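Topology and contacts: notes
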Amino acid sequence: MNLSQLKNKSLRTLQLEFNNRFPYLKIEFFKQAVQGGRNKHQQPINLDRCLYEFQITDNSFEIEITDNLTVSELESLIRKEYGISILVFRKSGSIWLETTATDGWTLGSQNREGRELSFPG
């Protein structure tokens, strides 16, 4: 999944494509920086807006979202390039949990853990 190819799509489409790639993860977008998880001061972003509308650098920027990218790397890259914050959530049964305590895990590890928590053996 390459963000440079998705930047002309809506944030809603980006969410859907991310979830298609990682079925036990989801991302949420916020205007204010996330410090230690979600708080009451965060403002959700209109999901009909396109990612390119937030770009703050003139660089030709690419983010390849792979299984080996950690949650904290993804959050940092999005914040640096687009000036917006994201939170990654992992499915646990029928609920979604913030990955704040496990942001050092890769997206692949988070997704596998979500699958295991949703379908315990």
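Look above for the structure.
Rules and cut-offs
Residues numbered from 1 in each chain as written. Predicted model: local features only at pLDDT ≥ 70, side-chain atom pairs only at ≥ 80, totals over all residues. Heavy atoms only, no water. Helix = DSSP H or I, 4+ residues; strand = E, 2+ residues; numbered from the N terminus. Buried < 20%, exposed > 50% of the residue type's maximum accessible area, 1.4 Å probe, protein only. Contact = heavy atoms within 4.5 Å. Areas by Shrake-Rupley, 256 points an atom, 1.4 Å probe, with all protein chains shown as cover. Pairing = 2+ DSSP bridges. Salt bridge = Lys/Arg side-chain N within 4 Å of Asp/Glu carboxyl O. Core = buried A, V, L, I, M, F, W, Y, C linked by side-chain atoms within 4.5 Å.

Moving on, we come to the overall build of the protein chain. The number of helices and strands found in the protein chain is 4 helices and 3 strands. Going residue by residue from the N terminus, the α and β elements of the protein chain occur as α-α-β-α-β-β-α. Here the protein chain holds 121 residues, and 40% of them are scored as buried. Summarising the internal contacts of the protein chain: among those between residues at least 6 apart in sequence, 64% fall at separations of at least 24. In the form shown here, the protein chain has an accessible surface area of approximately 6,700 Å², with 45% of it arising from carbon and sulfur atoms.

Pairing of strand E2 (residues 85-92) with strand E3 (residues 95-98) involves 4 bridges; the strand directions are antiparallel. Bridge pairing in E3 links serine 92 to isoleucine 95.

What follows deals with the pattern of salt bridges. A full pass over the atoms with the stated rule returns 5 salt bridges. For the salt bridge of glutamate 17 with lysine 9, the shortest nitrogen-to-oxygen distance reads 3.0 Å. Between arginine 21 and aspartate 67 there is a salt bridge; the shortest N-O distance is 2.5 Å. Residue arginine 21 is located in helix H2 (residues 11-21), and its partner aspartate 67 is located in the loop between strand E1 (25-30) and helix H3 (71-82); the two are separated by 46 residues in the primary sequence.

What follows covers the nonpolar core. Formed by 22 residues in total, the largest nonpolar core has its most connected members in Phe18, Phe29, Ile65, Leu74, Ile84 and Leu107. Ranked by the residues each element gives to this core, the list is headed by H3, at 4 residues. When sequence neighbours within four positions are dropped, the list of residues in contact with phenylalanine 29 reads Leu11, Leu14, Gln15, Gln43, Pro44, Ile45, Leu47, Ile84, Ser85 and Ile86.

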